Structure formats: structure tokens, C-alpha cells
Amino acid sequence: MTVILPALPYAFNALEPHISASTMQVHHGKHHKSYVDKLNAAIKDTLYEDLDLNEIVIAAHAAKDTAIFNNAAQAWNHGFYWHCLTNNKDTAITGELKAAIDEAFGSEAEMAALLQEAGEKHFGSGWAWLVLDDGALKVTSMHDADTPIAMSKKMIPLLTLDVWEHAYYLDRKNERPKYLAAALANLVNWDFVSANFASAKAWQYPVS
């Protein structure tokens, strides 16, 4: 089974001025594509070849197959990340998700502050996450390619922000906090987050 590079769910320039078209072209067309290409080459003629990407991530993590896991998890994380962002100004936290956020964090603002802090204080490369962990909403960060779908069957990813430098360096240089603040204030696709919360099921990366 070949892992594909999914198209972005919007145009390269759709997230401007917060994330530039140049950043999106490099991030999607170079970094994400590289993970997909390296993974397809690595799984050829192996037991992983018959699995979809979600299964490869979980199996490689369990087997401590670092090279396969890193490329598979980065491909999965990036596919998920694109859907966490939107240029739709009407997306908002509502309904059951809003009630759960208020109960878990006190308010939307408190949750956003925790995500900002998780991303800012994360040392090195990785991801800031909002997850449903055994039924409880939590904010966390994970290093390098680590991903909730490999951590536990009870951990469901709802939202992620990429804090690898390639996510923001062309636009913000070393100012990761400004990238995080702009994304949280202007770009989060709360409709996608709400759908993940409502289904309590990990998003599935497309395969061909």
C-alpha cells in the first residue's frame, strides 16, 4: 500500500498573513513530501508494505523501528496538522467541545494559554497537542515525531501545532511564540477539532 502526499485542504496562500505561501510550499512540498517519499522507499518489500499509514505508525513504534516510525509519524502528524488550520473566520468553539473545554481548563482563553506555553517551552523540535486522554481533555507536547496515536489507544488527537522550525522560520525567524500566538488567535479549525472530539476517533490519513 502506497502512502500518498495528500493535497492541502486550501491554497498555499490561504493562511496569509499569518503563515506565508512560501512557508506552506516548503513545508508541504518539501518536508511533508520528503517524509512520505522516504517512508515508501523504506517499507518496500517489508511487512509494513501491506499496512496503511495509521497501522505503520503504531506497528513501528511498538517494534522500536525508529527509522520507519520517524517518517511514518511525521507524515501522519503533518497530514493532521494541515486540517487543524483554516482561513475560515466563522469556525468557533461551540456546543459539547466548549462545555468540555470550560470544565477542563476554565475557559477557552486558559486552554489557548496552555497550548501557547506548551509550544513555547517545548525544547527542540516537536508538536503541541490538545488531546482527549482516557476521556479527559489535556494539553501536552511531544518530541520530534512522537504522536498520540502511537502512545495509547485511549489517547485521541484533537488539535496540533507544529513547533519544528520549518513551520515558522521563513516567516518569523526564531520567534516561535509569535507564530503560535498568530495560529491560535486566527487559524485554528475548530470545526475539525469539534468533529474529532465528537467522534472520539483518531483521524485517518488518506492512502492509495
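Residues numbered from 1 in each chain as written. Predicted model: local features only at pLDDT ≥ 70, side-chain atom pairs only at ≥ 80, totals over all residues. Heavy atoms only, no water.

**Concerning the overall build of the protein chain**
Note the threshold: In DSSP terms, a helix is any run of H or I states spanning at least four residues, a strand is any run of E spanning at least two, and both are numbered starting from the N terminus. The globule rule used for comparison is 2.2 Å times the number of residues to the exponent 0.38, while the radius of gyration itself is calculated over C-alpha atoms. Each residue gets one of three labels from its accessible area relative to the maximum for its type: buried under 20%, exposed over 50%, partly exposed in between, using a 1.4 Å probe on protein chains only. In this analysis, two residues are considered to be in contact whenever any of their non-hydrogen atoms come within 4.5 Å of each other. Using a 1.4 Å probe, accessible areas were evaluated by the Shrake-Rupley method; residue-level cover was limited to the displayed protein chains. His is not counted here, nor are the chain ends, while Lys and Arg score as positive and Asp and Glu score as negative. For the purpose of locating charges, the reference atoms are NZ of Lys, CZ of Arg, CG of Asp and CD of Glu.
Looking only at helices and strands, the protein chain features 9 helices and 3 strands. Each helix and strand of the protein chain, placed in order from N terminus to C terminus, yields the pattern α-α-α-α-α-β-β-α-β-α-α-α. On C-alpha atoms alone, the protein chain measures out to a radius of gyration of 16 Å, which is about the 17 Å that the 2.2 N^0.38 rule sets for 208 residues. Its C-alpha atoms give the protein chain principal-axis dimensions of about 50 × 40 × 30 Å. Expressed as a percentage of the 208 residues in the protein chain, the buried residues total 49%. Sequence-distant contacts, at least 24 apart, represent 68% of the contacts inside the protein chain between residues at least 6 apart. On the protein chain, roughly 9,700 Å² of surface is accessible, and the fraction owed to carbon and sulfur atoms is 53%. Separation of charge centres in the protein chain, based on 16 positive and 25 negative side chains, amounts to 4 Å.

**With respect to the pattern of salt bridges**
Here is the rule we go by: Counted as salt bridges are all cases of a side-chain nitrogen of Lys or Arg within 4 Å of a carboxyl oxygen of Asp or Glu.
Tallied over the entire structure, the rule returns 6 salt bridges. Its salt-bridge partner being Lys33, residue Asp37 comes within 2.7 Å of it at the nearest N-O pair. Here Asp37 pairs with Lys33, and both are found in helix α1 (residues 21–43), just 4 residues apart, close to one helical turn. We classify Asp37 as partly exposed; its relative accessible area is 38%. If you follow the salt bridges from partner to partner, you end up with Lys98, Asp102 and Glu108 in one network.

**A short note on the nonpolar core**
Generally speaking, nonpolar side chains in soluble globular proteins are found buried as a group. In plain terms, the rule: By nonpolar core we mean a set of buried residues, namely Ala, Val, Leu, Ile, Met, Phe, Trp, Tyr and Cys, connected to one another through side-chain atoms within 4.5 Å.
Membership of the largest hydrophobic core comes to 65 residues, with the highest contact counts inside it found for Leu53, Val57, Trp76, Leu130 and Leu137. In contact with Trp76, other than residues within four places in its own chain, are Leu53, Asn54, Val57, Trp129, Thr147, Ile149, Pro157, Trp203 and Tyr205.

**Examining the packing of aromatic side chains**
Inclusion rule: Between rings of Phe, Tyr and Trp, where Trp is taken as its six-membered ring, a pair exists when centres lie within 6.5 Å; planes separated by under 30 degrees are stacked, by over 60 edge-to-face, and by other angles tilted.
Taken as a whole and judged by the stated rule, the model has 10 aromatic pairs. Geometrically, the ring pair formed by Trp76 and Phe80 is stacked, given 5.2 Å between the ring centres and 15° between the ring planes. With a gap of 4 residues between them, Trp76 and Phe80 both fall in helix α3 (residues 66–84), about one helical turn apart. Following the ring pairs from residue to residue traces out a cluster consisting of Trp76, Phe80, Tyr81, Trp82, Trp127, Trp129, Phe192, Trp203 and Tyr205.

**A look at α1**
In plain terms, the rule: A helix's residues, less one, multiplied by 1.5 Å, set its expected span. Across the chain, bend at a residue is computed as the angle between axes fitted to the seven residues ending at that point and the seven starting from it.
Helix length check: α1, at 23 residues, gives a terminal C-alpha distance of 32 Å against a target of 33 Å (1.5 Å per residue), a fit within 8%. The largest bend in α1 amounts to roughly 30° and is located at Lys33. All of the buried residues along α1 are Ala21, Thr23, Met24, His27, His28, His32, Tyr35, Val36, Leu39 and Ile43. Buried residues belonging to α1 abut α2 (53–62), α3, β3 (155–162) and α7 (169–172). Trailing α1 by a residue or two, Asp45 shows a phi angle of about 65°, which is positive.

**Things to note about the side chain of Asp162**
Selection criterion: Pairing of N or O atoms within 3.5 Å defines a polar contact, subject to two protein rules: one partner must be a possible hydrogen donor and the other a possible acceptor, and residues neighboring in sequence count only if both atoms are side-chain atoms.
With respect to the helices and strands, Asp162 occurs in strand β3. At 2.9 Å, the side chain of Asp162 and the backbone nitrogen of Trp164 are in polar contact. Ignoring anything within four residues of it in the chain, the contact list for Asp162 reads His27, His78, Tyr81, Gly126, Trp127, Ala167 and Tyr179.

These results come straight from atomic positions and should not be treated as a statement about function.
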